[in-house]
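Letter by letter, the chains look like this.
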Amino acid sequence: MSMSVDLESIAEATSGAIGAVVSSTMLYPLDTCKAKYQAEIRAHGHHKYRNLSDVLWEAISSHQFLSLYQGLGTKNLQSFFAQFVYFYGYSYFKRLYLERTGSKSIGTKANLILAAAAGACTAVITQPLDTASSRMQTTAFGKSKGLWETLTEGSWSDAYDGLGISLLLTSNPAIQYTVFDQLKVRHLKQKQNKMETGSSPEVLSAFSAFVLGALSKSIATILTYPAIRCKVMIQAADTNEDMDKKAKRKSRKTVSSVLRAIWKREGVLGFFKGLHAQILKTVLSSALLLMIKEKISATTWVLLLAVSRYLLLKPSRLKSG
């Protein structure tokens, strides 16, 4: 039983991690533009980037289009580990809950708690990579440093910049996957009721997974966006070259100072600056992730099961030989 639980959790985690890397790579230029746009705060009444396309035009006009991919390796590493840890934790906690309670299904409240617990584990483990990828993305085009140099240019505490907000934002995937699971169950039940044979479809179609993933992520993003923007600004690379750079950087890396700066310079609407870009990127990314995960999870499970059986049978074969 435990072997089965572990294999199913690993299958869920692996398929989710692969989906995260593929979707992250496909949408990375958009992600870079979004991060640089969100990180900028209005100074003296002026914006360097009036809209998202200004970031793209800067890269093209300065012949730095490939710099839109700066930090891609780090982002993919972070995405893989984050999604693997999250999906493994989420799947494992769900199965453990069902075993301990003897229930056949998980309620919305329990689902939120389990998803938040998995998200908290993910945030703590992958925060340094998350911070590094954000700094590399928001660095001036063509001036991004390597992963190790980015991680070691400050203290190790700097690598955990934004951890508090990251923990707060565990509510984002918690909301997303809870909504997705609930929508998935309802959709499959409706589909089952319409089928004359009475057999239940096991998986969502690619289109259904995409639509449900987009809808669930939109809801989660809108509800948590002010915290998302604050996190980007806290983790963003420094753009000022003044002598008191370090002092400004340190003050900017507190949640309260970021909130005050947004309120003072941009008003209430500033907390939602870049919301459209965030929704566009995260909805597409999440929908692609869930679509890919749904389509490869069965294959991943079969492969892992085959490998486990081979490893279990191998000792007996060696003994008989």
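Everything that follows concerns the structure shown earlier in this document.
Quick summary incoming for the structure in this document.

About the thresholds
Residues numbered from 1 in each chain as written. Predicted model: local features only at pLDDT ≥ 70, side-chain atom pairs only at ≥ 80, totals over all residues. Heavy atoms only, no water. Helix = DSSP H or I, 4+ residues; strand = E, 2+ residues; numbered from the N terminus. Axes fitted to C-alpha atoms, helices over the stretch in contact; angles between N-to-C directions. Parallel < 35°, antiparallel > 145°, perpendicular 65-115°, else oblique. Contact = heavy atoms within 4.5 Å. Nonpolar A, V, L, I, M, F, W, Y, C, P; charged D, E, K, R; others polar. Core = buried A, V, L, I, M, F, W, Y, C linked by side-chain atoms within 4.5 Å. Buried < 20%, exposed > 50% of the residue type's maximum accessible area, 1.4 Å probe, protein only. Phe/Tyr/Trp six-rings, centres within 6.5 Å; stacked < 30°, edge-to-face > 60°. Lys NZ or Arg CZ within 6 Å of the ring centre and 35° of its normal. Expected span 1.5 Å × (residues − 1).

**Describing the environment of alanine 120**
Its location among the elements puts alanine 120 in helix α5 (residues 108-138). Through-space distance from the C-alpha of alanine 120 to that of leucine 167 is 5.6 Å; in sequence the pair is 47 residues apart.

**Describing the packing of helix α2 (residues 28-39) against helix α9 (residues 206-235)**
For any two helices packed against each other, the geometry comes down to the angle between their axes and how far apart the axes lie. Between α2 and α9, whose axes approach to 8 Å, the crossing angle comes to 90°. The angle between the axes of α2 and α9 places the two elements in the roughly perpendicular class. Contact residues: Ala35, Gln38 and Ala39 in α2; Tyr225, Ile228, Arg229, Val232 and Met233 in α9. Along the lines of polarity and charge, the residues of the contact of α2 with α9 split into 6 nonpolar, 1 polar and 1 charged.

**Thoughts on the nonpolar core**
Core analysis: the biggest nonpolar cluster contains 19 residues, and Tyr86, Tyr90, Tyr177, Leu204 and Leu289 have the highest contact counts within it. Elements that contribute at least two residues to this core include exactly α1 (2-26), α4 (72-101), α5, α8 (171-194), α9 and α12 (275-320). Other than its neighbours up to four places away in sequence, tyrosine 86 contacts Ala115, Ala118, Gly119, Thr122, Pro173, Ala174 and Tyr177. Formed by 13 residues, the second largest nonpolar core is a distinct cluster that contains Tyr225, Ala227, Ile234 and Val258.

**So, the packing of aromatic side chains**
With the rule as written, the count across this model stands at 8 aromatic pairs. Centre to centre, the rings of tyrosine 88 and tyrosine 92 are 6.0 Å apart; their planes meet at 5°, and the pair counts as stacked. Of the two residues, tyrosine 88 and tyrosine 92 both sit in helix α4, 4 residues apart, roughly one turn of that helix. Look at tyrosine 92 and you get partly exposed, because its relative accessible area is 29%. Members of the aromatic cluster, connected to one another through ring pairs, are Phe80, Phe81, Phe84, Tyr88, Tyr92 and Phe93. Positioned above the aromatic ring of tyrosine 37 is the side chain of lysine 273, whose terminal nitrogen or guanidinium carbon lies 4.8 Å from the ring centre.

**As for α4**
The end-to-end C-alpha distance of α4, which contains 30 residues, comes to 42 Å, matching closely the 44 Å that a straight helix rising 1.5 Å per residue would cover. Glycine 102 sits one or two residues past α4 and shows a positive phi near 75°.

**Some points on unusual backbone geometry**
Backbone geometry places histidine 63, a non-glycine residue, at a positive phi of 55°. Tracing the chain through its elements places histidine 63 in the loop between α3 (52-61) and α4. Assessed through its relative accessible area of 73%, histidine 63 is described here as exposed.

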